[in-house]
Amino acid sequence: MPASLPPGLPIIPEGPHEPSGFTMSPDEFEAAVQDALDSIPDRLARAMDNVAVFIDDDYVPGPGEDPDTVLLGLYEGVPLTERDSWWDAGSLPDRITIFREPILEICASRDEVIHEVAVTVVHEIAHHFGISDDRLHELGWG
């Protein structure tokens, strides 16, 4: 490692290398997420209860999780199918987070980003309705 670099920094090979993924501004990405949310049928959108949608750059694995975990989206909360009559008493909103960087890294075009965002949004909203990952994969929304 060159003496001018502090220890621990990755060494980037010199020479041409392929950029990974697609570049999109945070505002453009937010618009893609909003478009995906707007495409949810009204009947389903009205059935969503106490859920907030966020965009974050990347998922950071917690203690005990595989540090190489990559997520495109995450649902955190109590699915509608598991709520009881006491659930509303002071419950915080469920949270859906869409992770920008991993989506951009796997896409090569704007159309691919828009598609992947839409699939991820539908996938996470489905969890809010109590649909499991296994069932989503069966339905083609994995």
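It should be emphasised that the depicted structure is a prediction, and the values quoted were computed from it without experimental measurement.

Asks: Could you give an account of the pairing of strand 3 (residues 94-99), with specific residues and numbers?
Replies: Most of strand 3 sits out of view: five of its six residues are buried. As judged from the six bridges shared by strand 1 (residues 51-56) and strand 3, these two strands associate in the parallel manner. Looking across to strand 3, one finds that Asp56 is bridged to Phe99.

Asks: Please give an account of helix 4 (residues 110-128) that cites residues and values.
Replies: Here helix 4 spans 27 Å end to end across 19 residues, near enough to the 27 Å set by a 1.5 Å rise per residue. Within helix 4, the full set of buried residues consists of Val113, Glu116, Val117, Val119, Thr120, Val121, His123, Glu124, Ile125, Ala126, His127 and His128. Positive backbone phi, approximately 90°, marks Gly130, located one or two places after helix 4.

Asks: Let's hear about the pairing of strand 2 (residues 73-76): which residues, and what values?
Replies: Because side chains alternate across strand 2, one face comprises the buried residues Gly73 and Tyr75, and the other comprises Leu74 and Glu76, none of which is buried. As defined by bridge partners, strand 2 adjoins strand 3 across four bridges and the pair is classed as antiparallel. Paired with Gly73 across the bridge in strand 3 is Ile98.

Asks: With reference to specific residues and values, describe the packing of helix 1 (residues 26-38) against helix 4.
Replies: The N-to-C vectors of helix 1 and helix 4 enclose an angle of 50°; their axes lie 9 Å apart at closest approach. As summarised for this structure, helix 1 and helix 4 are arranged oblique, according to the angle between their axes. Between helix 1 and helix 4 lies a crossing of right-handed hand. Residue-level inspection shows Glu28, Phe29, Ala32, Val33, Ala36 and Leu37 of helix 1 in contact with helix 4, the latter providing Arg110, Val113, Ile114, Val117, Ala118, Val121 and Ile125. Grouping the constituent residues of the contact of helix 1 with helix 4 by class yields eleven nonpolar, no polar and two charged.

Asks: Can you lay out the side chain of Thr120 for me, pointing to particular residues and giving the numbers?
Replies: Take Thr120: it is sitting in helix 4. A residue is classified by how much of its surface remains accessible, and Thr120, at 4% relative accessible area, is buried. Among all residues touching Thr120, those that are not within four sequence positions of it are Leu72, Gly73, Ile98 and Ile103.

What counts as what
Residues numbered from 1 in each chain as written. Predicted model: local features only at pLDDT ≥ 70, side-chain atom pairs only at ≥ 80, totals over all residues. Heavy atoms only, no water. Buried < 20%, exposed > 50% of the residue type's maximum accessible area, 1.4 Å probe, protein only. Helix = DSSP H or I, 4+ residues; strand = E, 2+ residues; numbered from the N terminus. Pairing = 2+ DSSP bridges. Expected span 1.5 Å × (residues − 1). Axes fitted to C-alpha atoms, helices over the stretch in contact; angles between N-to-C directions. Parallel < 35°, antiparallel > 145°, perpendicular 65-115°, else oblique. Left-handed = near helix turned anticlockwise from the far one by under 90°. Contact = heavy atoms within 4.5 Å. Nonpolar A, V, L, I, M, F, W, Y, C, P; charged D, E, K, R; others polar.

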